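Chains, contacts and geometry: an overview
Given next are the chains, with one letter for each unit.
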Amino acid sequence: MKTNTNIKAALTIATAALLGTSNAAQAETTSTAGVEESAWEFDSAFLFYSEVDRVSASEAIINATKTFADDQVLNLKLTVDVLTGASANGAVAQPNVQTFTRPSGNGQYTITAGDTPLDDTFHDTRVQLNGQWTQLIAPNYTASGGVHISKEYDYLSLGINGNIAFDFDRKNSTFSAGFSYFQDTFTPEGRIPKPFTSMLIGDSSSGSWDDDFSETRIGSEDTKTTTDILLGFTQVINRRMISQFNYSYSMVDGYLTDPFKILSVVSDFNAPDSGIAQDYIYESRPDSRIKQSIYAQSLYHFEHSVLDISYRYMWDDWKITSHTIDSRFRIPLGDTFGRESYIQPHFRFYQQSAAEFYQPFLIDGDTLPAYASADYRIGEMTTFTVGLKYGLLVNNGDDLSFRLEYYRQIPTNAGFDEPGVLNDVDLYPTIDAIIGQVTYSF
Amino acid sequence: MMIKEIKLVLLLPLIIGATGCVSLGVEPWQRDLLAKDEMSLNGSGVDSALDDHIYFSKEASSGGKGFSGGGCGCN
């Protein structure tokens, strides 16, 4: 308990120092002229995400919130994550060994016959900072503004957001309108490949390699912007139930291609080696995307338990549509284990249709389409998440919780006929992942 | 078909809002359950932030509850 207080005091001083405020030692609630100013409250979490044979990620978050006089709220969040492991490069599995060039152009990697090609060179560390200020600007009107910065080795993202909310009918109803704007800069390892050029495969130590590799590149960096508009309506239904409805409109412009993804170009249906890869070309996506979604969420308080259920429908001009159902059911366990605790089962279902330019492979000799990507993440797919969270109150009402979840991605064939040997390999492998998380709020 | 569904869902809050003053909502002294942390629409912000990052990286959809954002060159 003493250690906990010390950590909190240290974090309070550190946060105040960052902000340049003078009340650094203030760690307890004070009252000034009837308006209450609370102590800093911290949420910290560590998450581990691991896919079987693929990507692993560790992510740590510390979130600090302080409510000043007159309900002004400052929220600061620091996120650090580390990602390592293998990611599908987009090429199809083959009955023979395949060789690919690493995104950097330095060296090659080989894939065993029958295996989905994975590029195992991914290693990235990301640091993200968020700040958000919320306050009443007039009776029943709350405004909020925030900034975002995220930096990783090859990626920089800067963002701002603003929101205004209007409460009415005894604060039972709230309308809100918000916007956000992000500017991202991508500086990928090995620079940006020319769309649809062939991946150069050969001896990367040869004298002409660097020049030949440069021929497949168009630049060292590119940018994209994301503008979001979010309209929301929240309604208290009765003493036990509250609902929210959102509409969002999102415009993304700029470089939306994944520079690390390729497509296999395979022999046609009639060729003697039908389905065998003849070439690997870099993918190409449109330079704009407009996404829209509607979102509805309700919470219902039963006698003791609380059900939280939401649904999202998303559609975009890449012709992707998706349905997401997310639900949590919090069951208090009372003082069963000597402390107040709860368990919370979680279930999530997600289903998306493929982008109109998604192609698991291209056929040799066919005219190239305007855009093509074999990234399964924009293909037809269903995913499930099932999980359980266990939380308990510890020292002074601090909250400690553990979450363990299982996430399965099931890509499916969106109606593509498979030539020759492709019938004998798995083009849509299922991906299993485990998510573990510890959260401590104090 | 899709547009019709969208219109319905978009109109729903307006209908609820219009009728809200009459039949929905509670008096301030009836907020005992609504005031609990677990009845907050964004109950665990940390969980949501972590989940959003995972699903943003692995699926073609993002946002809805909040901004869909930019933010990472996730693989």
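Cut-offs used in this document
Residues numbered from 1 in each chain as written. Chains lettered and ligands numbered in written order. Predicted model: local features only at pLDDT ≥ 70, side-chain atom pairs only at ≥ 80, totals over all residues. Heavy atoms only, no water. Helix = DSSP H or I, 4+ residues; strand = E, 2+ residues; numbered from the N terminus. Areas by Shrake-Rupley, 256 points an atom, 1.4 Å probe, with all protein chains shown as cover. 1 Å grid on protein atoms, 1.4 Å probe; cavity = no way out; pocket = protein on both sides within 12 Å on 5 of 7 lines; lining within 4 Å. Points joined across faces, edges and corners; volume = space filled by probe spheres on them. Nonpolar A, V, L, I, M, F, W, Y, C, P; charged D, E, K, R; others polar. Salt bridge = Lys/Arg side-chain N within 4 Å of Asp/Glu carboxyl O. Buried < 20%, exposed > 50% of the residue type's maximum accessible area, 1.4 Å probe, protein only. Expected span 1.5 Å × (residues − 1).

**Considering the overall build of chain B**
Scanning chain B from N- to C-terminus turns up two helices and zero strands. Accessible area for chain B stands at about 3,800 Å²; split by element, carbon and sulfur atoms hold 65% of it.

**Overview of empty space enclosed by the protein**
Residue and element names in this part refer to chain A. Inspection of the entire model under this criterion finds eight cavities of 30 Å³ or more. By volume, the second largest cavity is sized at about 210 Å³. Ala91, Thr116, Ala374, Tyr376 and Leu427 are the residues nearest the centre of the second largest cavity, which is lined by 20 residues in total. Broken down by class, the residue content of the lining of the second largest cavity amounts to 14 nonpolar, two polar and four charged.

**Looking at the pattern of salt bridges**
Between side chains of opposite charge, a pair can form as their charged atoms come close. All names here are of chain A. The full count for this structure, using the stated rule, is 23 salt bridges over all chains. Between Arg126 and Glu59 there is a salt bridge, and its shortest N-O distance comes to 3.9 Å. Pair noted here: Arg126 is in strand 8 (residues 118-138) and Glu59 is in strand 4 (residues 56-67), with a separation of 67 residues, a long-range link. Here Arg126 matches Glu59 in class, with each residue buried. Among the salt bridges present, the one from Asp258 reaches Lys261, with a minimum N-O distance of 3.8 Å. Accessibility expressed as a relative area gives 10% for Asp258, which makes it buried. Overall, the relative accessible area of 3% leaves Lys261 in the buried class. Sharing partners across several salt bridges, the network here consists of Asp258, Lys261, Glu283, Arg285, Asp375 and Arg377.

**Regarding helix 2 (residues 45-58) of chain B**
Residue pairs spaced three or four apart in an α-helix point in one direction, given the helix's 3.6 residues per turn. Residue and element names in this part refer to chain B. Taking 1.5 Å as the rise per residue, helix 2 with 14 residues should run 20 Å; its terminal C-alpha atoms sit 20 Å apart, in good agreement. In terms of burial, helix 2 is largely enclosed, as ten of its 14 residues are buried. The complete set of buried residues in helix 2 reads Val46, Asp47, Ala49, Leu50, Asp51, His53, Ile54, Tyr55, Ser57 and Lys58.

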